[in-house]
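Notes for the structure review
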Amino acid sequence: MPKPSFQNEIILSFPYLKVVEFDPNYKLRYTKHQKQLLETFYKAKPNPTQKDKSALADRTLLTIRQVCVWFQNRRAKDRKSSTKPINKLSLANLIHAYDIEITP
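Attention here is on the structure that accompanies the text. Values in this document were obtained by computation on a predicted structure and should not be read as measured data.

Of the regular secondary structure elements, the protein holds five helices and zero strands. Along the protein, helices and strands appear, N-terminal first, in the series α-α-α-α-α. Put simply, the protein has 104 residues, and 15% of those count as buried. Intrachain contacts of the protein at a sequence separation of at least 6 include 47% that bridge at least 24 residues. A total of about 9600 Å² of accessible surface is found on the protein, and carbon and sulfur atoms cover 59% of it.

Below is the structure:
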């Protein structure tokens, strides 16, 4: 008789649980509560310590790795938006707002 796997033991112990296979292409969607907690903490401390990440992971029901990646992505988003070039429309709005005259 084959030895039952750990997954089979869980199914036998909790028949109402649905077993879902790991999909590497699955994109995690954060809940409003999770986003709110992460954003609030980010505004106070953009580079949290390992202890902070662990506490956030417990509060948001995410893994520490997911919290780390969220902070990395959020910092990258900030860097990208701060170095974004001014497009022609916003440049025209600035010129109009400050009544700047441009002579060729």
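Following the structure, the description resumes.
This part takes up the side chain of Q34. Relative to the assigned elements, Q34 resides in helix α2 (residues 32-44). Separated by 2.9 Å, the side chain of Q34 and the backbone nitrogen of T31 make a polar contact. Once you skip the residues sitting within four places of it in the chain, Q34 turns out to touch R29, T60 and L62.

Attention now moves to the pattern of salt bridges. Applying the stated criterion to the full structure yields three salt bridges. K45 is paired through a salt bridge with D52; the nearest N and O atoms lie 2.7 Å apart. Looking at K45, the relative accessible area reads 32%, which means it is partly exposed. Judged by its relative accessible area of 19%, D52 falls in the buried class. A salt bridge links R74 to D78, with the shortest nitrogen-to-oxygen separation between them at 2.6 Å. Taken together, the residues span about one helical turn, with R74 and D78 both in helix α4 (residues 64-82) at a distance of four residues.

The next point concerns a positive patch on the surface. Where like charges cluster on the molecular surface, the positive patch consists of K27, R29, K32 and K35. Secondary-structure assignment places K32 in helix α2. Classification of K32 as exposed rests on a relative accessible area of 75%.

For the rest of this paragraph, the subject is unusual backbone geometry. We note that L61 has phi near 60 degrees; this positive angle belongs to a residue other than glycine. Following the sequence through the fold, L61 ends up in the loop between α3 (50-60) and α4. Residue class for L61 comes out exposed when judged on its relative accessible area of 76%.

Rules used in this analysis
- Per chain, the residues get numbers from 1 upward, laid out in the order the sequence is written.
- With pLDDT at 70 or above as the cut-off, local features in this predicted model cover only qualifying residues; side-chain atom pairs require 80 or more to be listed or tallied, and sums for whole chains, interfaces and linings still use all residues.
- Hydrogens and water are ignored here; the side-chain numbers use all heavy atoms of the structure.
- Think of it this way: any DSSP run of H or I at least four residues long counts as a helix, any run of E at least two long counts as a strand, and we number them from the N terminus.
- Note on classification: 1.4 Å probe, protein chains only; a residue is buried when its accessible area is under 20% of the maximum for its type, exposed when over 50%, partly exposed between these limits.
- A contact between two residues is defined here by any heavy atoms of the two lying within 4.5 Å.
- Here the accessible surface of atoms and residues is derived via Shrake-Rupley with a 1.4 Å probe, and residues count as covered only by protein chains that are part of the display.
- Two N or O atoms count as a polar contact when they lie within 3.5 Å, although within protein this holds only if one can serve as hydrogen donor and the other as acceptor, and sequence-adjacent residues are included solely when both atoms are side-chain atoms.
- By convention in these notes, a salt bridge is any Lys or Arg side-chain nitrogen within 4 Å of a carboxyl oxygen on Asp or Glu.
- A patch consists of residues whose relative accessible area exceeds 30% and which take part in no salt bridge; residues with like charges are grouped when within 9 Å of each other, and nonpolar side chains (Val, Leu, Ile, Met, Phe, Trp, Tyr) when within 5 Å.
- Residues scored as positive are Lys and Arg, those scored as negative are Asp and Glu, and His as well as the terminal groups of each chain are ignored.
- By convention, the charge on Lys lies at NZ, on Arg at CZ, on Asp at CG and on Glu at CD.

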